[in-house]
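# Geometric and topological summary
Next come the chains, spelled out residue by residue.
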Amino acid sequence: MSVRKTTVPESTITTRTATVPESAAAEATFEAYGRLLKLLLPSLRGLCLEDAHGELLWASPEWSATETSGLVAQALAASGAADAHGMPAAAMRTVDADLAIYAFALTDGGGQAQGAALVALAPCGSRTEPRPLQYVAALLAPALVCLGSELGLRARLGARPPLAPRKADRVAALASATPAAAADPATGLGELAAELDALAPAAGADAFDAHLDLAMRHAQATLAALWVPERRIDRTRTRSGQALAPTALERTRHHLVAWMQLQQRTILVNRISATVSAEAAPHKILACPILRSSGRVTGVLALFNPPAAADFGAAQVAVAEAVARRLSAAIDAQYDARTGLLVRESFERRVQKLCLGGAAGETHALLYLDVDRLQSCNDSFGLHVGDEVIAAVAATLAATLPADALCAHLSGDRFVALLPATSAAAAEASADRLREALAARAITGLPPGASTPTASIGLAMLAPSTDPLGHALAAAEAACKRAKAAGGNRTESHRHLAGSEETRRGEAAIAAALRHALAENALRLDAQPILPLRGSYGGPRFELLLRLPGAQGETIAPGKFLPVARAHGLIGAIDRWVVGRACALLGRHAATVGEERAQFFVNLAHESLLDESFPEHVATQLAAHAVPEGALGFEIAESVAAVAPAAVRHTIESLASLGCHCALDGFGAGARTLADLPDLMVDTLKIDGRIVRESLVEPRAATMIKAIAQLATVMRLRTVAEHVETDALRIRLADLGVDYGQGFAMAQPQRFEELLQDLAVFEACVGPWANLPVAAGS
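Quick look at the structure, then. Computed from a prediction, not measured in an experiment: that's the story for all the values here. Residue positions within a chain follow its written sequence, with the count starting from 1. In keeping with the predicted nature of the model, local features appear solely for residues at pLDDT of at least 70, side-chain atom pairs appear and are counted solely at 80 or more, and the whole-chain, interface and lining totals rest on all residues. Each side-chain value is derived from all of the structure's non-hydrogen atoms; neither hydrogens nor water enter the calculation.

### A short note on the overall build of the protein
Only runs of H or I of at least four residues qualify as helices and only runs of E of at least two qualify as strands under DSSP, and these elements are numbered from the N terminus. For the protein, the count of helices and strands is 28 helices and 26 strands. Of all 778 residues assigned to the protein, the portion counted as buried reaches 50%. In the protein, the share of contacts with a sequence separation of at least 24, taken over all contacts with a separation of at least 6, comes to 69%. Accessible surface for the protein amounts to roughly 34200 Å². Of this, 55% is attributable to carbon and sulfur atoms. Three exposure classes are used, based on accessible area relative to the maximum for each residue type with a 1.4 Å probe and protein chains only: buried under 20%, partly exposed in between, and exposed over 50%. Residues are treated as being in contact if the distance between any of their heavy atoms lies within 4.5 Å. Each accessible area value is a Shrake-Rupley result obtained with a 1.4 Å probe; residue values ignore everything except the protein chains displayed when judging cover.

### Focus on helix 25 (residues 699–714)
Every α-helix carries 3.6 residues per turn, so stepping three or four residues along brings you back to the same face. A helix's residues, less one, multiplied by 1.5 Å, set its expected span. The end-to-end C-alpha separation of helix 25 is 23 Å, in line with the 22 Å expected for 16 residues at 1.5 Å each. Next to the buried residues of helix 25 lie strand 22 (661–667), strand 23 (684–687), helix 24 (689–694), strand 24 (718–721) and helix 26 (727–735).

### Some thoughts on the pairing of strand 24
Looking down a regular strand, the side chains alternate between one sheet face and the other. One bridge is not enough; two strands pair if DSSP finds at least two bridges between them. Relative to strand 24, strand 23 runs parallel, the two being bridged by four bridges. Within strand 24, the residue paired with Leu-685 across the bridge is Thr-719. Pairing of strand 24 with strand 25 (residues 740–741) involves two bridges; the strand directions are parallel. Across the sheet, the residue bridging to Val-720 is Tyr-740, located in strand 25. Note that the unit made of strand 24, helix 26 and strand 25 has a crossover that is right-handed. When the strands point away from the viewer and the connection leading from the first strand across the helix to the second strand turns clockwise, the crossover is called right-handed.

### Brief notes about the side chain of Glu-722
Here Glu-722 lies in the loop between strand 24 and helix 26. By relative accessible area, which is 13% here, Glu-722 ends up buried. Within polar-contact distance, the side chain of Glu-722 engages the backbone nitrogen of Gly-689 at 3.5 Å. When neighbours within four sequence positions are excluded, Glu-722 is seen to be in contact with Asp-665, Gly-666, Lys-686, Ile-687, Asp-688, Gly-689, Val-692 and Gln-742. Throughout this description, a polar contact denotes any pair of N or O atoms lying within 3.5 Å of each other; where both atoms belong to protein, one of them has to be capable of donating a hydrogen while the other can accept it, and for residues adjacent in sequence the pair is counted only when both atoms sit in side chains.

### Some remarks on the packing of aromatic side chains
Here the aromatic set is Phe, Tyr and Trp, taking the six-membered ring for Trp, and pairing holds for ring centres within 6.5 Å; pairs whose planes are under 30 degrees apart are stacked, those over 60 apart are edge-to-face, and all others are tilted. Following the criterion strictly, the structure yields five aromatic pairs and no others. Ring geometry for Phe-30 versus Trp-58: centroids 6.1 Å apart, planes at 45°, classification tilted. Here Phe-30 is found in helix 1 (residues 24–40), whereas its partner Trp-58 is found in strand 3 (residues 56–59), with 28 residues between them in sequence. Taken as a pair, Phe-30 and Trp-58 share a single burial class, namely buried. In this structure an aromatic cluster arises from ring pairing among Phe-542, Phe-600 and Phe-752. The criterion is that NZ of a Lys, or CZ of an Arg, lies within 6 Å of the ring centre and within 35 degrees of the ring normal, and then a charge sits over that ring. Positioned above the aromatic ring of Tyr-740 is the side chain of Arg-541, whose terminal nitrogen or guanidinium carbon lies 5.1 Å from the ring centre.

If you want it as structure tokens, here you go:
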């Protein structure tokens, strides 16, 4: 038995609303098939039928309104090839952990394609992965054969059910559905789409309010609300602009959210019972679901009008559904799908707006949380239990901190929360309550007797400065590290650290040394070679390392001066200095660098990655010093790429357009996977040093490295192992298939200027690395 399976790019799946104008007879026939398939597959989330042109014929009420035209096209394209076992041509797409979509070509007795059946399935029972396509096809094959014959017979007898109107026809019909809509061009969907497009760059609560205002105006409503409980979104807007009492729609909100999760479709209430309870809101209601990309309902967009107002009609429904789709996409972009908390980029925007718009003298607190012993939990009980811990921390943050707190998942085991308009004492009390709540929370998957994960929290107050969040984040992170070093499960406040006169003097001295070094061009760049572990060498590769000379001739370690630089808002200036200095030296040795095809990589801080003007600075320096194309590259931390993907992708694309290569640093330590890499224009993966070090003694780490190397080869990406400190580790990594290594077992850093002077000699001497003995099987 075989199934002709095709894959579809994820970009072909978007949201749409299924409008189903069917005859009663056709409705009854297709409903019978829907009930039959539900009996065969109890986890069925919906059935949709399309004709051979991709037009909608029928959809079950629970269908999640997912656009699957690409999926259908792939199944129909394969339907012409005969299958020896009578199995239908099929395609499958896993949307997310909640949903998988299966498409099956429907043919009549003569093998002529009549359309396609789309089946939405959720994981069943304890299963977490979607059912195999072959299994679903074998189970449904008899019913699909009958359904295909039914469509073929209807077509031959001219009894084909009327097709849903094409999109252009639906828009025209909706725009003229009511006299008010026809008379008022403001209700045109084209104008609405243009205004929604103009809102796309906005983020946060203001963007949600703007969407609600648009919906009210175009749908001629007096009140609009957006309720997404799992994202802690509760926004209401009135046409008059007057604020609504917090409890005014409390019961309505509760009922609408529950009803929407059950119905999973647009709800329209134009007739209000004369016996309506005094506690219920006497409104005409138009409510649309807010969906995740999987089609799962997470909230409601609701429009209200008084009983005496005109009924909501088809034009208003079209407006509400269009706004709901945009809101669904906006919420997906601003929140981390894994935890339901804000992504870093959205968090930073909201904090910046809060700081700029706050009242004079208002103070805000920042909590930096790091889960204790999460790696030990992963190693002992499995990654799935670690994921449960991360979800539990996120849920505890949302449930324990004040309602106006802004919470974000930075990456891996790190979280951050901003407590607006609060004192240091109140923030410390909130942090302690958070730790206590987490320690008392039961974690799914932990065996009896296992210790519950705890958290270390660093606290810092946002102080007035050019970069209050950057300073507070660095201070809170430092305090968190102090809490972990003291044993974990405790709160450390930055003000306690700052209470040490010696600490204050030390940080001030480092900050002064940094400013002086930047002004006098006194920072130093070293270059560490990145050498081949096996196979051909290619061109020489190096990572540029920043050094800060001390007053007594010593070298101050980056781990000591970079946190101070971040706390004092100097990171952006340092990155720009590094780029300028590297370009100046590369330009001075352009002939040798170009001849040897050498590449030099610079680490970028997240502040520079999120700085829209940074690529322009790079372009200016490359042109001013005539740097050979491809000589300068950049390393982007995987943790930053995971939490601010849109901004990082834009920066990488801008740098790539300048001829700069980009590498993803620390890969394997965070949430990003190889499946995400096509979205980033990187050509090198630097495997996280912790995983590299563990590969000699931990089978799980070795397996992970081997999988990364194999899949990277398929995707034509180079792999680099960091922290290769011993010959045993170098041989092990070569055996696992890694391309390059970097560390003291490979080569030690040297002065960048001196290396450039001897680059030709270095290249001539490095060849033997390609022929070093490696373990069998490499």
